[in-house]
Amino acid sequence: MDTPDSGKFDLGRFVSTVANLGVLVGLLLVAVQISQSTDIARAQLANDYYLADMQLELSMMGESPVDSWTKAVHTPDDITPHDAAVLDRFFNYGLVQVRRLQQMQQLGLAESEVLDQQIRYLEWHLGNEVGRRWWAQYKSEEPEDEIVRMIDKVLSTADYDQNRRYMDALMKAPAAQEKPD
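Bear in mind that the values here come from a model prediction, so they are computed numbers and not experimental data.

A. Highlighting the overall build of the protein chain. Helix and strand counts for the protein chain come out as seven helices and zero strands. Reading the secondary structure of the protein chain in the N-to-C direction produces α-α-α-α-α-α-α. A compact globule built from 181 residues would reach a C-alpha radius of gyration of about 16 Å, whereas the protein chain, at 30 Å, exceeds it by more than 25%. Overall size of the protein chain, expressed as C-alpha extent along the three principal axes, is 120 × 45 × 30 Å. The proportion of buried residues among the 181 residues of the protein chain is 29%. For the protein chain, the distance from the average position of its 17 positive side-chain charges to the average position of its 29 negative side-chain charges is 3 Å.

In structure tokens form, the structure reads like this:
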């Protein structure tokens, strides 16, 4: 009677086991690639949404939003309903940028420092009396929103006259203040 020798190496079984492990590793790699592709598609969809929203904001601002912004900076009590609509879209544009970066950070595609920097930029973006009014209204509608709380913390010490001072510094000084030759 022939009995299998327990000390012999079964090459066929070894090759079969290695082949099966290779198939398993290959399937795991495919699963990882599918997961990565899904994450990339999700990030692209989120980014496309925010880019479309930003494009809509730009379109709604019209051809010359700077006229409305200049009124907000220098004569905030003289803005018209048209100016208010343009400025609402201008201010919201800054907020959409922040929300887009927050989404990209949550997906691991943006650093928290970039989000923090964009939030700090809103201090200038909203740096006029109309911006102050807009923010007061906006934050009252979204008090539990994490982004609103983060922005409000930055804006709690904001100087809402900074746009005017900056613009004044860019303009030619009055003749009485000019230096003699």
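B. A look at the pattern of salt bridges. One pass over the structure, following the stated rule, counts 13 salt bridges. Salt bridges sharing partners connect three or more residues here, namely Asp159, Asp161, Arg164, Arg165 and Asp168.

C. Local environment of the environment of Met54. Along the chain, Met54 turns up in helix 1 (residues 11-61). Counting along the chain gives 40 residues from Met54 to Gly94, while the straight-line C-alpha distance between them is 8.9 Å. Once residues within four sequence positions are removed from consideration, Met54 is found in contact with Tyr93, Val96, Gln97 and Arg100.

D. Examining helix 2 (residues 65-74) more closely. Here helix 2 has its buried residues at Ser68, Trp69, Ala72 and Val73. Down the axis of helix 2, the smallest arc covering the buried residues is 140 degrees, so these residues share one side. Buried-residue contacts for helix 2 involve helix 3 (81-106), helix 4 (112-125), helix 5 (129-141) and helix 7 (162-170).

About the criteria used
Residues numbered from 1 in each chain as written. Predicted model: local features only at pLDDT ≥ 70, side-chain atom pairs only at ≥ 80, totals over all residues. Heavy atoms only, no water. Helix = DSSP H or I, 4+ residues; strand = E, 2+ residues; numbered from the N terminus. Rg over C-alpha atoms; globule rule 2.2 N^0.38 Å. Buried < 20%, exposed > 50% of the residue type's maximum accessible area, 1.4 Å probe, protein only. Lys, Arg positive; Asp, Glu negative; His and termini not counted. Charge placed at Lys NZ, Arg CZ, Asp CG, Glu CD. Salt bridge = Lys/Arg side-chain N within 4 Å of Asp/Glu carboxyl O. Contact = heavy atoms within 4.5 Å. Arc of directions from axis to C-beta.

Honestly, that's just the spatial picture; any functional story needs more than this.
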